[in-house]
Amino acid sequence: APIVDEGSGNVFRRNVGYTTENSGTATIVSGTTYVDVAHGLSVSPSASQINIVPSNDLGNANKYWISDVGSSTFRINVDTDPGVAAASFNWNIAAY
């Protein structure tokens, strides 16, 4: 399929072989306070382009944030070990 220019924001979709959008799930297991997530993008995103949303109760944790954004991974952190419940997240990135 051809590349489609969608409006004035110049978002190019269907550009086979060059991934600028991705999504997935990640879990911070008991005994840890972070998980490194492979984002699978062809570009390095900025932290502001990454959205994370808890998909369960965070267990013992109260806060979560993103750090260590790089060319292949980013890190989801919590303020304390989530305990037995673990802390699960849905994430998505749209990097331009």
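Use the structure listed above.
Residues numbered from 1 in each chain as written. Predicted model: local features only at pLDDT ≥ 70, side-chain atom pairs only at ≥ 80, totals over all residues. Heavy atoms only, no water.

(A) Geometry of the sheet that holds strand 3 (residues 21-28). Within the open sheet, the three strands sit side by side as 3-8-5. Their pairing is antiparallel. With one partner strand each, in any of the chains shown, strand 3 and strand 5 (50-54) form the two edges of the open sheet. Each strand axis lies, on average, 20 degrees off the axis of its neighbour in the sheet, ignoring direction. (Pairing = 2+ DSSP bridges. Helix = DSSP H or I, 4+ residues; strand = E, 2+ residues; numbered from the N terminus. Axes fitted to C-alpha atoms, helices over the stretch in contact; angles between N-to-C directions.)

(B) Spotlight on unusual backbone geometry. Within the chain, Asp-68 stands out as a residue other than glycine whose phi angle is a positive 50 degrees. By secondary structure assignment, the location of Asp-68 is in the loop between strand 6 (64-67) and strand 7 (73-78). Residue Ala-86 is not a glycine yet carries a positive backbone phi of 65 degrees. Here Ala-86 lies in the loop between strand 7 and strand 8 (87-94).

(C) Broad picture of the sheet that holds strand 7. An order of 4-7-6 is seen for the three strands of this open sheet, with the pairing classed as antiparallel. Two strands close off the open sheet at either side, each with one partner strand: strand 4 (34-38) and strand 6. Each neighbouring strand pair of the sheet contributes to a mean axis angle of 25 degrees, computed without reference to strand direction. Here strand 6 runs beside strand 7; their pairing, made up of four bridges, is antiparallel. Looking at the pairing, Tyr-64 lines up with Val-78 of strand 7.

(D) Inspection of the packing of aromatic side chains at higher detail. Going through the model one piece at a time under the given rule, you end up with two aromatic pairs. With 5.5 Å between their ring centres and 75 degrees between their planes, Phe-74 and Trp-91 make a pair best called edge-to-face. Of this pair, Phe-74 sits in strand 7 while Trp-91 is found in strand 8, placing the two residues 17 residues apart along the sequence. Against the face of Tyr-34 rests Arg-75, its NZ or CZ located 3.8 Å from the ring centre. (Phe/Tyr/Trp six-rings, centres within 6.5 Å; stacked < 30°, edge-to-face > 60°. Lys NZ or Arg CZ within 6 Å of the ring centre and 35° of its normal.)

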